[in-house]
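Structural overview for review
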Amino acid sequence: DAGVTQSPTHLIKTRGQHVTLRCSPISGHKSVSWYQQVLGQGPQFIFQYYEKEERGRGNFPDRFSARQFPNYSSELNVNALLLGDSALYLCASSLAGRPYEQYFGPGTRLTVT
Amino acid sequence: RKEVEQDPGPFNVPEGATVAFNCTYSNSASQSFFWYRQDCRKEPKLLMSVYSSGNEDGRFTAQLNRASQYISLLIRDSKLSDSATYLCVVNKDNFNKFYFGSGTKLNVKP
């Protein structure tokens, strides 16, 4: 079975632009979480979605938003990009019955110039 | 104050050594605890959950001290393949929020 997939793999944007990152969970997984990982740091929790509803939100500004679709795939949107938004954005999915076991995708490397 | 604090290391140990990592968490309402492993330029992967009574999985032993808000991971008989960054993870709000530490880097040398 395919693991968690994310697209694009790499992305370069300019300050002030908008970006959309995409994630497809493992088949059967209904929960999707988004994380930001800056080099040398652990992943920082941004959002969790379950059954298309936001279930958790981390300490990120309103420029960050997300949604989950009926097929459980998800998008992370970031508006008005700042240089500090440059990071690896990770998506993780989990089964409803095992929410603590998160499977991560390879991430999208975002560079803001 | 960060939710989860870890010693960044690196810990440089020879093969066969025993090494221990520690982690502290700030919120006493934290509910569940985990160790994840992240290889260089790879995504994190669940290593093991941490139970109140302590638990073991092969060469790995995890301990939790709720009173001190402290979690540990012990690796016995280190292998070269254990070289990675070990992330301490704390969960709140019924698995709706996960907080990762910055990670502790382990280098196992031949």
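Read on for an overview of the structure. Each chain has its residues counted from 1, running along the sequence as written. Numbering of ligands from 1 and lettering of chains from A proceed in the order in which they are written. Where local features are concerned, this predicted model is filtered to residues with pLDDT of at least 70; where side-chain atom pairs are given and counted, the filter is 80 or more; whole-chain, interface and lining totals use all residues. The side-chain figures draw on all heavy atoms in the structure; neither hydrogens nor water molecules are used.

Put simply, buried Ala, Val, Leu, Ile, Met, Phe, Trp, Tyr and Cys residues joined by side-chain atoms within 4.5 Å make one nonpolar core. For every residue, the accessible area obtained with a 1.4 Å probe (protein chains only) is divided by the maximum for its type, and the residue is called buried under 20%, exposed over 50%, and partly exposed between those limits. In terms of nonpolar packing, the biggest core is built from 24 residues, with Phe21(B), Trp35(B), Ile71(B), Leu73(B), Ile75(B), Tyr86(B) and Leu106(B) touching the most fellow members. Breaking this core down by element, the ones donating at least two residues are strand 3 (19-25), strand 4 (32-38), strand 5 (45-50), strand 7 (60-65), strand 8 (70-75), strand 9 (84-92) and strand 11 (104-109) of chain B. When sequence neighbours within four positions are dropped, the list of residues in contact with Ile75(B) reads Ala17(B), Thr18(B), Val19(B), Phe21(B), Arg59(B), Phe60(B), Asp82(B), Tyr86(B) and Leu106(B). The next biggest cluster of nonpolar side chains, apart from the first, holds 22 residues, and it includes Cys23(A), Val78(A), Cys91(A) and Leu110(A). In DSSP terms, a helix is any run of H or I states spanning at least four residues, a strand is any run of E spanning at least two, and both are numbered starting from the N terminus. Any two residues whose heavy atoms approach within 4.5 Å at even a single point are treated as in contact.

Residue and element names in this part refer to chain B. Relative to the helices and strands, arginine 37 is located in strand 4. By relative accessible area, which is 18% here, arginine 37 ends up buried. We call two N or O atoms a polar contact when they sit within 3.5 Å, provided that within protein one can donate a hydrogen and the other can accept it, with sequence-adjacent residues counted only if both atoms are side-chain atoms. In terms of polar contacts, arginine 37 uses its side chain to reach the side chain of aspartate 39, at 2.8 Å. Among the polar contacts made by the side chain of arginine 37, one reaches the main-chain carbonyl oxygen of serine 83 at a distance of 3.5 Å. In this structure, arginine 37 is in contact with Glu43, Pro44, Lys45, Leu47, Ser81, Asp82, Ser83, Ala84, Thr85 and Tyr86, ignoring residues within four places of it in sequence.

Here we take up the layout of surface pockets. Sizing a probe to match a water molecule and rolling it over the atoms shows the empty space that remains. Cavities and pockets are defined on a 1 Å grid built over the protein atoms alone: a cavity is a set of grid points where a 1.4 Å probe fits but cannot escape, while a pocket is an open set with protein on both sides within 12 Å along at least five of seven lines, and lining residues are those with an atom within 4 Å of any such point. Grid points are joined across faces, edges and corners, and a volume is the space filled by probe spheres set on the points. Of the volumes computed, that of the largest pocket is approximately 750 Å³. Taken together, 28 residues form the lining of the largest pocket, with Leu39(A), Gln38(B), Asp39(B), Cys40(B) and Arg41(B) sitting closest to its centre. Of all the secondary-structure elements, those providing two or more residues to the lining of the largest pocket are strand 11 (108-112) of chain A together with strand 9 and strand 11 of chain B. Taken as a whole, the second largest pocket holds about 330 Å³ of empty space. Lining of the second largest pocket is provided by 17 residues; of these, Gln44(A), Phe45(A), Glu3(B), Tyr99(B) and Phe100(B) occupy positions nearest its centre. Of all elements in the fold, only strand 5 (44-50) of chain A together with strand 10 (97-100) of chain B reach the threshold of two or more residues within the lining of the second largest pocket. With three residues, strand 10 of chain B is the single largest residue contributor to the lining of the second largest pocket. Tallied by class, the residues present in the lining of the second largest pocket amount to eight nonpolar, seven polar and two charged. All amino acids are sorted into three groups, where Ala, Val, Leu, Ile, Met, Phe, Trp, Tyr, Cys and Pro are nonpolar, Asp, Glu, Lys and Arg are charged, and the leftover types, Gly among them, are polar.

Our focus in this paragraph is the interface of chain B and chain A. Taken together, the contact pairs 16 residues of chain B with 20 residues of chain A. Buried surface at the junction of chain B and chain A, summed over both partners, amounts to about 1500 Å²; 55% is from carbon and sulfur atoms. Scanning the region where chain B abuts chain A turns up five residue pairs in polar contact (both at pLDDT 80 or more). Of all the secondary-structure elements, those providing two or more residues to the side of chain B that touches chain A are strand 4, strand 5 and strand 10 of chain B. Partitioned by chemical class, the residues of the side of chain B that touches chain A number eight nonpolar, five polar and three charged. Once two parts are brought into contact, the accessible area they lose, counted with a 1.4 Å probe and summed over both, makes up the buried area.

We call Phe, Tyr and Trp rings a pair once their centres come within 6.5 Å, taking the six-membered ring for Trp, and we label the pair stacked below 30 degrees between planes, edge-to-face above 60, and tilted otherwise. According to the stated counting rule, one finds 13 aromatic pairs over all chains in the structure shown. Considering the side-chain rings of Tyr35(A) and Phe100(B), the 5.3 Å spacing of their centres and the 80 degrees angle between planes classify their relative orientation as edge-to-face. With Tyr35(A) in strand 4 (residues 31-37) and Phe100(B) in strand 10, the pair connects residues from two separate chains. For the pair formed by Tyr35(A) and Phe100(B), the shared burial category is buried. Their ring planes at 85 degrees and their centres at 5.2 Å tell us that Phe11(B) and Phe21(B) sit as a pair that is edge-to-face. You can see Phe11(B) sitting in strand 2 (residues 11-14) and its partner Phe21(B) sitting in strand 3, a full 10 residues away along the chain. On the basis of relative accessible area, Phe11(B) is assigned to the partly exposed category, the value being 23%. Assessed through its relative accessible area of 0%, Phe21(B) is described here as buried. Put simply, the rings of Tyr35(A), Phe45(A), Phe104(A), Tyr36(B) and Phe100(B) touch in pairs and so form one group of aromatic residues.

By themselves these figures say nothing about function.
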